[in-house]
Structures are given as C-alpha cells and as structure tokens.
Amino acid sequence: MADIHASARPRSNAARICTIVAFVFAALAIFLSPLIFGVLGLILGIVGAVLGDKPLGWYAAAASVVGAIIGAVLVAALLN
C-alpha cells in the first residue's frame, strides 16, 4: 500500500479541471486581456493546488502570472 501522509488530500476531478482551466486562462492572458485572465488563472491554479493537484496547480498559477506579464508587455509595446 502507498505511504501517504494523513494530511495529504487526494486529487479530485475538480482540482484537475481547475488546473486545466488555469492553463487555458494563462494562454488567454497573453492574447486577450492580461489583467482579467491572469488573475482568474492565478486563482484557479491556487484552488487546483489546494484541492490536491499539487505540482500542476502551482505551475498553472505561475504560468498565469507570467502570461499576464507577457500580455501586459505586448499591450504596452503595441500602444507605443
């Protein structure tokens, strides 16, 4: 039997769905609206990580922040 800590949460389908949607929002933050999709992706990534999708949830949250930054830089470059 696997040696799982008592405090570890098992991954649920909701956690994986939140993580996948956070990655999609990270990509949308680059092309559409960095502020809205970046923040929503960050929140969904954190929710996914807390619900049990530990490594990918945190990666999705970080990808959303990076996507929002890249999107903001692209918007600033296009407006100048």
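Analysis parameters
- Residues numbered from 1 in each chain as written.
- Predicted model: local features only at pLDDT ≥ 70, side-chain atom pairs only at ≥ 80, totals over all residues.
- Heavy atoms only, no water.
- Helix = DSSP H or I, 4+ residues; strand = E, 2+ residues; numbered from the N terminus.
- Buried < 20%, exposed > 50% of the residue type's maximum accessible area, 1.4 Å probe, protein only.
- Contact = heavy atoms within 4.5 Å.
- Areas by Shrake-Rupley, 256 points an atom, 1.4 Å probe, with all protein chains shown as cover.
- Axes fitted to C-alpha atoms, helices over the stretch in contact; angles between N-to-C directions.
- Parallel < 35°, antiparallel > 145°, perpendicular 65-115°, else oblique.
- Left-handed = near helix turned anticlockwise from the far one by under 90°.

### Brief notes about the overall build of the chain
Along its length, the chain carries 3 helices and 0 strands. The order of α-helices and β-strands along the chain, N terminus first, is α-α-α. When each of the 80 residues of the chain is scored for burial, the buried share is 29%. Sequence separation of 24 or more characterises 64% of the internal contacts of the chain that already satisfy a separation of 6 or more. In the structure as shown, the chain presents an accessible area of about 5,300 Å², 77% of it carried by carbon and sulfur atoms.

### Focus on the packing of helix H1 (residues 13-31) against helix H2 (residues 34-50)
The interhelical angle for the contact between H1 and H2, taken along N-to-C directions, is 160 degrees, at an axis separation of 8 Å. Looking at the two axes, H1 sits roughly antiparallel to H2. Both H1 and H2 take part in a crossing whose hand is left-handed. Residues Ala15, Cys18, Thr19, Val21, Ala22, Phe25, Leu28 and Ala29 of H1 form the contact with H2, whose participating residues are Pro34, Phe37, Gly38, Leu40, Gly41, Leu44, Gly45, Val47 and Gly48.

Keep in mind that these numbers describe shape and distance, not what the molecule does.
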